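So the chains spell out like this:
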Amino acid sequence: MKILITGGTSATALKLCNALSGHQIILGDYGQVPNIQSAAYTMVSLGEKNEDTIAHNLLNNCLDQGVDAILPIQNFEIEPISKSEVLFEEFNIKLLLPKREILGAYFSFTEIQKSINYTIYI
């Protein structure tokens, strides 16, 4: 499975990348990112950050990269992407997030999540 993890230049993304070994991982982040490609992951730019069009931008990047699932880890991405779940599903892209109705029980939108707080079932 090809998985896009956002916040790709963060330590959390790299730790999650290690936890998802066996899958093809793309680490994406906004603005300029290092042009790194390894056996474990590929790093790509998601373009300039625009919080008004986050879901649209991430969907386009998923389609461009042929992604099967997306794991957004930046707080400003989580709610807009969860609201767009149906749109992602129309393109067969899984959201590696809890359902929108229970999202608040797992994420604090004012705190940055740490990799030790993630549990992912595929």
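Cut-offs applied
- Residues numbered from 1 in each chain as written.
- Predicted model: local features only at pLDDT ≥ 70, side-chain atom pairs only at ≥ 80, totals over all residues.
- Heavy atoms only, no water.
- Phe/Tyr/Trp six-rings, centres within 6.5 Å; stacked < 30°, edge-to-face > 60°.
- Lys NZ or Arg CZ within 6 Å of the ring centre and 35° of its normal.
- Core = buried A, V, L, I, M, F, W, Y, C linked by side-chain atoms within 4.5 Å.
- Buried < 20%, exposed > 50% of the residue type's maximum accessible area, 1.4 Å probe, protein only.
- Helix = DSSP H or I, 4+ residues; strand = E, 2+ residues; numbered from the N terminus.
- Contact = heavy atoms within 4.5 Å.

## Side note on the packing of aromatic side chains
Counted under the stated rule, the structure contains one aromatic pair. Positioned above the aromatic ring of Phe76 is the side chain of Lys49, whose terminal nitrogen or guanidinium carbon lies 4.2 Å from the ring centre.

## Thoughts on the nonpolar core
Counting 18 residues, the largest nonpolar core has Leu4, Leu58, Cys62, Ile70, Ile81 and Phe88 as the members making the most contacts within it. For this core, the secondary-structure elements that each account for two or more residues are α2 (54-65) and α3 (75-83). The element best represented in this core is α2, accounting for four residues. Excluding residues that lie within four positions of it along the chain, Ile70 makes contacts with Leu4, Thr6, Leu58, Cys62, Ile81, Phe88, Ile93, Lys94, Leu95 and Leu96. Counting residues in each nonpolar core, the second largest holds 15 residues, with Ile5, Leu16, Leu71 and Leu96 among its members.

## Quick look at α3
Two residues of an α-helix separated by three or four positions point the same way, owing to the 3.6 residues in each turn. Three or more residues of α3 are buried, namely Asn75, Phe76, Glu77, Ile78, Ile81 and Ser82. Contacts made by the buried residues of α3 are with β1 (2-6), α2, β4 (69-71), α4 (85-90) and β5 (94-95).

## Describing the environment of Asn35
Relative to the helices and strands, Asn35 resides in the loop between β2 (24-29) and β3 (41-45). The spatial distance from the C-alpha of Asn35 to the C-alpha of Ser45 is 8.9 Å, given a sequence separation of ten residues.

Shape is all these values report; function is a separate question.
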